[in-house]
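Report on the structure
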Amino acid sequence: MTTIVASIEQHDHRPAARHDAGPSSAVAASGAAPSRRALWGGRVLSGLAVLFLTFDAAIKVLGLVPAEQGSAQLGFPASLVPTLGVIQIACLVTYLIPRTAVLGAILWTGYLGGAVAIHVRVGSPLFSHTLFPIYVAALLWAGLWLRDRRARALLAAPSTLGR
């Protein structure tokens, strides 16, 4: 967290010692540990997304018929399905390790963005299929934002950082 704050302030050409900022300062607020309620809310939101993504990755890695049929409808050969599952597992592991959770969320955002593009290409229904990956990504990011102060600092609006 200190590195993020220091790099933000260094980018602004301000001194890095801002630990004396008042409690109304967004930098101080983003550096504060999340409340117990926010922590559990974040865990629940992240958990919902992780459960769905774990199930999706498992059926792909195992090469189950529903995964192969669904992928075929989207234009993917059945031989590629296990590879997609392994990529999902790598993203999941990265997201679940606290130190790399932000990187994991970024990787998932890319993967899920590709899913949106594929659904647009094949003409899937908008709210139930095309936007579903965005719903999952929103759960991942909202859960991370609630439980991780680094994510809060990363996603803080520039005006709240003293600009």
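This report concerns the structure included in the present document. If you're wondering where the values come from, they're calculated on a predicted model, not measured in any experiment. (Residues numbered from 1 in each chain as written. Predicted model: local features only at pLDDT ≥ 70, side-chain atom pairs only at ≥ 80, totals over all residues. Heavy atoms only, no water.)

1. Focus on the packing of aromatic side chains
Throughout the structure, instances matching the rule amount to three aromatic pairs. An angle of 75° between the planes, with centres 5.2 Å apart, marks the rings of Phe52 and Phe132 as edge-to-face. Taken together, the residues Phe52 in helix H3 (residues 36-61) and Phe132 in helix H8 (residues 132-147) connect sequence positions 80 residues apart. Judged by its relative accessible area of 33%, Phe52 is partly exposed. Take Phe132: its relative accessible area is 33%, and that puts it in the partly exposed class. Residues Phe132 and Tyr135 carry aromatic rings whose centres are separated by 6.3 Å and whose planes lie at 85° to one another, so their mutual orientation is edge-to-face. Note that Phe132 and Tyr135 are positioned in helix H8 at a spacing of three residues, about one turn of the helix. Linked through ring pairs, Phe52, Phe132 and Tyr135 together constitute an aromatic cluster. Of note, Arg152 hangs over the ring of Trp145, and the distance from its end group to the ring centre comes to 4.7 Å. (Phe/Tyr/Trp six-rings, centres within 6.5 Å; stacked < 30°, edge-to-face > 60°. Helix = DSSP H or I, 4+ residues; strand = E, 2+ residues; numbered from the N terminus. Buried < 20%, exposed > 50% of the residue type's maximum accessible area, 1.4 Å probe, protein only. Lys NZ or Arg CZ within 6 Å of the ring centre and 35° of its normal.)

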